[in-house]
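Inside the fold
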Amino acid sequence: MKIVLDAFGGDNAPKEIIIGALKALSERKGFSITLTGDKAKLTELIDEISDVVPEERLEIVDAPEIITCDMPPVEAVRKMKNSSLVKGLNLLTSDPEAKAFVSAGSTGAVLTAATLLVKRKPGILRAALAPVLPTVKGGRVILIDCGANSECKPEMLLNFAELGADMARKYLGIRNPRIGLLSNGTEDAKGTEITRGALELIKGTELNFSGNIEAREILSGDIDVVVADGFSGNIALKACEGTALAFMSLLKEGIMAGGLRSKLGYLLLKPVLKNIKKTMDYNAYGGAVFAGLEKVVIKAHGSSKAKSIAAAVLQAVELSSEA
């Protein structure tokens, strides 16, 4: 199994991408990584970073062009054929051993290139971004969509519900996943015209549908798949990330300002707090899958560092094994 990794996508590329790739290879066997990007620069960096490189599991495909976030996605994808993104996705479609593609680059460019080059599965209206998030009960929840489709129709949200349920069955091992529709209230009459239309469509299926849910329920552990339009889902995702970071920051400041008693209390609670931090660390869960495509494409966070890149690569391996 081969995982294709965009070495020049993201704010911390290419160094953190390389470190993440090497970390993933050291943590799991049974797959190789193909880096796409400027071969001379990547070779030089790899030599600087590590003396021990598993050459039989790591190769480089030269792709000197870089698509940045300020470029119009469609124009960039069509014109920059030698970019690390386009070459990587072309490799994914042309090489039978290539099972997945990972990039921390521009969301718009990754979505555009993946849709044009990898293609959607039959019956899929739009590909959707579907990150897997931790819950307070120790499980995981899929949020779909979180940024690929800002404007949706009810039929698209139904599609997302079906994609999310299928992903939960295959990836999370949940036989009959519970589906919730993100809205501003739990009553059927709440939400926009689009969400109310989607509510009726999903009700008419055999999905295990719990109806409307509010954003505060996303991480509750009571729902396995949260369905949203890309605009609302993206705001919800970033609010969850921001709340987790703010909580840990406030906790740290409170302990430091609380004197000896607070510090002693921290020492007693340290194992518990470390476990909470580990559970709520979204960097440990990889990236967001573009659900609905013929092959696995994962969009890692633009600010991803090595830990998150490694998690995204291992997530790609796991999803490809389940496909």
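Residues numbered from 1 in each chain as written. Predicted model: local features only at pLDDT ≥ 70, side-chain atom pairs only at ≥ 80, totals over all residues. Heavy atoms only, no water.

**Some points on the overall build of the protein chain**
To be explicit about the condition: Helix and strand assignments come from DSSP, with helices taken as H or I runs of at least 4 residues and strands as E runs of at least 2, each series counted from the N terminus. Note on contacts: a residue pair is in contact if any heavy atoms of the two residues lie within 4.5 Å. In these tables, accessible area is a Shrake-Rupley quantity obtained with a 1.4 Å probe, and a residue counts as shielded only by the protein chains included in the view. Neither His nor the chain termini are counted; the positive set is Lys and Arg, and the negative set is Asp and Glu. In this description, the location of a charge corresponds to atom NZ of lysine, CZ of arginine, CG of aspartate or CD of glutamate.
Within the protein chain, the secondary structure is distributed over ten helices and eleven strands. Restricting the contact set of the protein chain to residue pairs at least 6 apart, pairs at least 24 apart contribute 72%. Put simply, the protein chain shows about 15700 Å² of open surface, and 54% of that area lies on carbon and sulfur atoms. Positive and negative charge centroids in the protein chain, built from 40 and 39 side chains respectively, lie 4 Å apart.

**What about the packing of aromatic side chains?**
Formally: Pairing of aromatic rings covers Phe, Tyr and Trp, the last counted by its six-membered ring, and requires centre-to-centre distances within 6.5 Å; plane angles under 30 degrees mean stacked, over 60 mean edge-to-face, and any other angle means tilted. We call a charge positioned over a ring when the NZ of a Lys or the CZ of an Arg lies within 6 Å of the ring centre and within 35 degrees of the ring normal.
Considering all chains together, one arrives at zero aromatic pairs under this definition. A cation over an aromatic ring shows up here: R57 above the ring of F31, its NZ or CZ 5.2 Å from the ring centre.

**Overview of the pairing of strand 4 (residues 98–103)**
Using the following cut-off: Residue burial is assigned from relative accessible area. The probe radius is 1.4 Å, only protein chains are included, and a residue is buried under 20% of its type maximum, exposed over 50%, and partly exposed in between. Any two strands are treated as partners once DSSP identifies two or more bridges connecting them.
With respect to burial, strand 4 is a largely interior element, five of its six residues being buried. Pairing analysis gives four bridges linking strand 1 (residues 2–6) to strand 4, with the strands arranged parallel. Each residue of the ladder has a partner; that of L5, found in strand 4, is V102. Summarising the sheet, strand 4 and strand 11 (residues 296–299) pair through four bridges and their orientation is parallel. Looking across to strand 11, one finds that S103 is bridged to K299.

**What to know about the nonpolar core**
When a protein is soluble and globular, its nonpolar side chains tend to lie buried together. How we decide: In this description, a nonpolar core means a group of buried Ala, Val, Leu, Ile, Met, Phe, Trp, Tyr and Cys residues linked to one another through side-chain atoms lying within 4.5 Å.
Among the nonpolar cores identified, the biggest contains 61 residues, and L5, F31, I33, L35, I142 and I144 are the most heavily contacted of them. With ten residues, helix 6 (residues 154–171) is the largest single contributor of residues to this core. Those residues in contact with I142 that lie beyond four places of it in its chain are A130, P131, V132, G164, M167, A168, L172, D224, V225 and V226. Ranked by size, the runner-up nonpolar core spans 39 residues in total, among them L92, A114, L133 and F290.

**Looking at the sheet that holds strand 2 (residues 32–37)**
Worth spelling out the cut-off: Axis angles are defined between N-to-C directions and span 0 to 180 degrees, where every axis is a line fitted to C-alpha atoms and, for a helix, only to the segment in contact.
One open sheet accounts for eleven strands, arranged 3-2-1-4-11-10-5-6-9-7-8; its pairing is mixed. Strand pairing shows two members of the sheet lacking a second neighbour, strand 3 (58–62) and strand 8 (208–213), which therefore form its edges. Strand-to-strand twist in this sheet, taken as the mean axis angle between neighbours without regard to direction, amounts to 25°. Relative to strand 11, strand 10 (residues 288–291) runs antiparallel, the two being bridged by two bridges. When the bridges of strand 11 are listed, A288 appears paired with K299. Across the sheet, helix 1 (residues 15–27) touches strand 1, strand 2 and strand 3, and the angle it forms with strand 2 is around 170°. The strands that helix 4 (residues 84–94) touches are strand 1, strand 2, strand 3, strand 4 and strand 11; relative to strand 4, the one it contacts most, it runs at about 160°.

**Thoughts on the environment of V289**
Its place among the elements puts V289 in strand 10. Given a relative accessible area of 8%, V289 falls into the buried group. When the C-alpha positions of V289 and V77 are compared, they lie 20 Å apart, and in sequence the two are 212 residues distant. When sequence neighbours within four positions are dropped, the list of residues in contact with V289 reads A128, L129, A130, P131, M167, V297, I298, Q315 and L319.

**Observations regarding the side chain of S183**
Among the structural elements, S183 can be located in the loop between strand 7 (178–182) and helix 7 (193–203). In contact with S183, not counting residues within four places along its chain, are K190, G191, T195, N212, I213, E214 and A215.

**Observations concerning a nonpolar patch on the surface**
Here is the rule we go by: By definition, no residue in a patch forms a salt bridge, and every one has over 30% relative accessible area; like charges are joined within 9 Å, nonpolar side chains (Val, Leu, Ile, Met, Phe, Trp, Tyr) within 5 Å. Every case where a carboxyl oxygen of Asp or Glu lies within 4 Å of a side-chain nitrogen of Lys or Arg is listed as a salt bridge.
A cluster of nonpolar side chains, namely L260, L264 and L267, defines an oily patch on the protein surface of about 330 Å² accessible area. Looking at where L264 falls in the secondary structure, it is placed in helix 9 (residues 259–279). For L264, a relative accessible area of 45% gives the class partly exposed.

**Observations regarding the pairing of strand 6 (residues 140–144)**
The buried fraction of strand 6 is high, at four of five residues. Inspection of the sheet shows strand 5 (residues 128–134) paired to strand 6 by three bridges, in the antiparallel sense. Across the sheet, the residue bridging to V132 is I142, located in strand 6. Between the end of strand 5 and the start of strand 6, which pair antiparallel, lie five residues, with G138 showing a positive phi angle near 90°. Bridge analysis of strand 6 against strand 9 (residues 225–227) gives three bridges, and the strand direction is parallel. The residue of strand 9 that forms the bridge with I142 is V225.

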